[in-house]
Every structure is written in structure tokens, then in C-alpha cells.
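Chain residues, written in single-letter form:
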Amino acid sequence: EAQVTQNPRYLITVTGKKLTVTCSQNMNHEYMSWYRQDPGLGLRQIYYSMNVEVTDKGDVPEGYKVSRKEKRNFPLILESPSPNQTSLYFCASRGGAREQYFGPGTRLTVT
Amino acid sequence: QQQVKQSPQSLIVQKGGISIINCAYENTAFDYFPWYQQFPGKGPALLIAIRPDVSEKKEGRFTISFNKSAKQFSLHIMDSQPGDSATYFCAASMWGAGNNRKLIWGLGTSLAVNP
């Protein structure tokens, strides 16, 4: 089954404790991206990757890092999480067509 | 700056009725307009999409109407069913910097279809 998977689905952490949210897709897509979804603000792109070792900032990259060492994986790293990064995070991938496939989401709470 | 404005924020419709969600955009560089459906606990999923050279696209009970001169597009859900209850997002897509396909989202409409 074609899908985008994210782990963990739920995470509660404390300010400053480094964390990684993993994202993996099995569709051999070149393009992957991370979004955060907040009430009243909709979905905003954090980072995207056009291919292996090619990443770039989206609209709200501050406080986040990404890496793309393999085509299928695109982890999101929060080196020093802060409460304003409490949000619902989605990973997405896209092949040649315009349609993006989204993962199930990771709900992150930073206390 | 919100480049895609979506309304209403929430909508309640009776089963069998028509649900209508409207979106307006500003940037004429947008060349693809998808609608996404999101159920609680799930990621958004593409529902239907249209290009600006087409005024209407229909897929089953879902229809997009597109008015290029007014820079508006809308989603119509005919014969709305309780299973359609979800959040709907309109979006507009264009080429951005670095060959990035940029997707600008509306803020979403929470649709509830009463049985």
C-alpha cells in the first residue's frame, strides 16, 4: 500500500530536549516536505526536499532542521524544542504529479 | 499574509443538502487549485483539483466551480452525507523559488452533515 508514515504519532516533551520525528514514504517520490498545522493559521510549510541531499526552507523553518540522506526518509529534528512548537505536524511526499500525499500526523506538545 | 481566503469557517448541512465552500485568491501565478479533505486524526487527502483553464470539474458528488476573472473558486458537495463530515481545505499552487512547487492553503472549513 502506497503511504507516508510518521513516528511517533503523539509526543509530549519538555523544553530543550532534542527530538526527532521520522517520516518515510514507499512511493519512490523525490519531493518531500514538512508542514505544521495550527488553529487559525492553517498548514504552513517548514522545510522541503527536492531530492536526496537537497533541502530548503519553507515558510516557517526557525527552530527546525531536516536531513535527506535516503530518498524514502525525511526526518524532522527539533534540537531545542520550545512551547511555541507545540503543534500538529504532517509529512508529505509528491512524485511527478502535483498531488501531495500526507502522513497521518504527529501531535507534539512541548511543556 | 493569507493569499487564499476560505469561507465559511464552519458549516452545518442536513443530509441530502448541498454544501458550498468558497475560496478567493490574489496571485494570478497560481496554476492549480486542489481541495483537500481531512478527517480527525488523519492527514489531508486530495479530493478534487482544477486548473484555471477549466470553469468546472465534477467528480461524483463533488464539483469545483472556477471563476478566473473574479479569482474565486468553490467546492459544491451534492447530496451531502454524514460521512462527508470533515474539514475541507482549498489550496492554490504555483512554482516558487528553487523549482519548489509551492502550495498555499486556506484556513479550512469544518463541515458537519446532520443525519
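Read on for an overview of the structure. (Residues numbered from 1 in each chain as written. Chains lettered and ligands numbered in written order. Predicted model: local features only at pLDDT ≥ 70, side-chain atom pairs only at ≥ 80, totals over all residues. Heavy atoms only, no water.)

1. Some remarks on the pairing of strand E11 (residues 106–110) of chain A
Residues and elements named next belong to chain A.
Then comes step 1: Burial along E11 is one-sided: the residues Thr-106, Leu-108 and Val-110 are buried and none of Arg-107 and Thr-109 is.
Then comes step 2: Sheet topology places strand E2 (residues 10–13) next to E11; four bridges connect them, and they run parallel. In the strand pairing of E11, Leu-11 is matched with Leu-108.
Then comes step 3: Relative to E11, strand E9 (residues 87–94) is paired through three bridges, and the arrangement is antiparallel. (Buried < 20%, exposed > 50% of the residue type's maximum accessible area, 1.4 Å probe, protein only. Helix = DSSP H or I, 4+ residues; strand = E, 2+ residues; numbered from the N terminus. Pairing = 2+ DSSP bridges.)

2. Some remarks on the interface of chain A and chain B
Quite often, the size of an interface is put as the accessible area lost when its parts meet.
Then comes step 1: Between chain A and chain B, the residue contacts involve 20 residues of the former and 21 residues of the latter.
Then comes step 2: Regarding the contact of chain A and chain B, the summed buried area is about 1700 Å², with carbon and sulfur atoms giving 51% of it.
Then comes step 3: The three residues of chain A that bury the most area against chain B are Leu-43, Arg-98 and Phe-102 of chain A, which together make up 34% of that side's buried surface.
Then comes step 4: Linking chain A with chain B are one salt bridge, by the criterion used here.
Then comes step 5: Connecting chain A to chain B are three residue pairs in polar contact (both at pLDDT 80 or more).
Then comes step 6: Those elements giving two or more residues to the side of chain A that touches chain B turn out to be strand E4 (31–38), strand E5 (42–51) and E9 of chain A.
Then comes step 7: Looking at the side of chain A that touches chain B, the element that brings in the most residues is E5 of chain A, giving five residues.
Then comes step 8: A breakdown of the residues in the side of chain A that touches chain B according to their chemical character gives nine nonpolar, six polar and five charged. (Contact = heavy atoms within 4.5 Å. Buried area = accessible area lost by both parts, 1.4 Å probe. Salt bridge = Lys/Arg side-chain N within 4 Å of Asp/Glu carboxyl O. Polar contact = N/O pair within 3.5 Å; in protein donor to acceptor, adjacent residues only side chain to side chain. Nonpolar A, V, L, I, M, F, W, Y, C, P; charged D, E, K, R; others polar.)

3. Structural notes on the pattern of salt bridges
All names here are of chain A.
Then comes step 1: Scanning all chains against the criterion turns up seven salt bridges over all chains.
Then comes step 2: Between Lys-18 and Glu-79 there is a salt bridge, with its nearest N and O atoms 4.0 Å apart. Of the two residues, Lys-18 is situated in the loop between E2 and strand E3 (19–25) and Glu-79 in the loop between strand E8 (76–78) and E9; the sequence distance between them amounts to 61 residues.
Then comes step 3: With a relative accessible area of 53%, Lys-18 lands in the exposed category.
Then comes step 4: With relative accessibility at 39%, the residue Glu-79 sits in the partly exposed group.
Then comes step 5: The residue Asp-38 makes a salt bridge to Arg-36 at a minimum N-O spacing of 2.8 Å.
Then comes step 6: Residue classification places Asp-38 among the buried positions, given a relative accessible area of 11%.
Then comes step 7: Exposure remark for Arg-36: the relative accessible area of 9% places this residue in the buried category.
Then comes step 8: Among the charged side chains, a network of salt bridges with common partners joins Lys-18, Lys-65 and Glu-79.

4. Here's the deal with a nonpolar patch on the surface
Residue and element names in this part refer to chain B.
Then comes step 1: A cluster of nonpolar side chains, Ile-18, Ile-20 and Met-78, forms an exposed patch at the surface whose accessible area comes to about 240 Å².
Then comes step 2: Locating Ile-20 in the fold gives a position in strand E3 (residues 19–25).
Then comes step 3: The exposure class assigned to Ile-20 is partly exposed, which follows from its relative accessible area of 37%. (Patch = residues over 30% accessible without salt bridge, like charges linked within 9 Å, V, L, I, M, F, W, Y side chains within 5 Å. Areas by Shrake-Rupley, 256 points an atom, 1.4 Å probe, with all protein chains shown as cover.)

5. Let's talk about the sheet that holds strand E1 (residues 4–7) of chain A
All names here are of chain A.
Then comes step 1: One open sheet holds the four strands; their spatial order is E1-E3-E8-E7, and the pairing between them is antiparallel. Here the strands that pair on one side only, and so sit at the sheet edges, are E1 and strand E7 (65–66).
Then comes step 2: Direction of pairing for E1 relative to E3: antiparallel, over a ladder of four bridges. In the sheet register, Gln-6 faces E3, and the bridge partner there is Cys-23.

6. A word on the pairing of strand E4 (residues 33–38) of chain B
Residues and elements named next belong to chain B.
Then comes step 1: Of all six residues making up E4, six are buried, and the element is well covered by its neighbours.
Then comes step 2: Side chains Phe-33, Trp-35 and Gln-37 of E4 all project onto a buried face; the interleaved residues Pro-34, Tyr-36 and Gln-38 project onto the opposite face, where all are buried too.
Then comes step 3: Relative to strand E5 (residues 45–50), E4 runs antiparallel, the two being bridged by five bridges. Residue Pro-34 lies in a different strand from E5, and its bridge partner there is Ala-49.
Then comes step 4: With antiparallel pairing between neighbouring strands as the criterion, E4 and E5 make up a hairpin whose turn holds six residues, including Gly-41 at a positive phi of roughly 80°.

7. Observations regarding the packing of aromatic side chains
Then comes step 1: Following the criterion strictly, the structure yields 18 aromatic pairs over all chains and no others.
Then comes step 2: Taking 6.1 Å as the distance between ring centres and 20° as the angle between the ring planes, the aromatic pair formed by Tyr-31 of chain A and Tyr-48 of chain A counts as stacked. Here Tyr-31 of chain A is found in strand E4, whereas its partner Tyr-48 of chain A is found in strand E5, with 17 residues between them in sequence. This pair shows no difference in class: Tyr-31 of chain A is buried, exactly as Tyr-48 of chain A is.
Then comes step 3: A centroid spacing of 6.1 Å and a plane angle of 20° characterise the contact between Tyr-25 of chain B and Phe-66 of chain B, whose relative ring orientation is stacked. Highlighted residues: Tyr-25 of chain B in strand E3 and Phe-66 of chain B in strand E7 (residues 62–67), separated in sequence by 41 residues. When sorted by exposure, Tyr-25 of chain B lands in the same class as Phe-66 of chain B, which is buried.
Then comes step 4: Here the aromatic cluster, defined as three or more aromatic residues joined through ring pairs, consists of Tyr-35, Phe-90 and Phe-102 of chain A together with Tyr-36, Phe-89 and Trp-105 of chain B.
Then comes step 5: Positioned over the ring face of Phe-74 of chain A is Arg-68 of chain A, at 6.0 Å from the centre of the ring.
Then comes step 6: Against the face of Tyr-31 of chain A rests Arg-94 of chain A, its NZ or CZ located 4.1 Å from the ring centre. (Phe/Tyr/Trp six-rings, centres within 6.5 Å; stacked < 30°, edge-to-face > 60°. Lys NZ or Arg CZ within 6 Å of the ring centre and 35° of its normal.)

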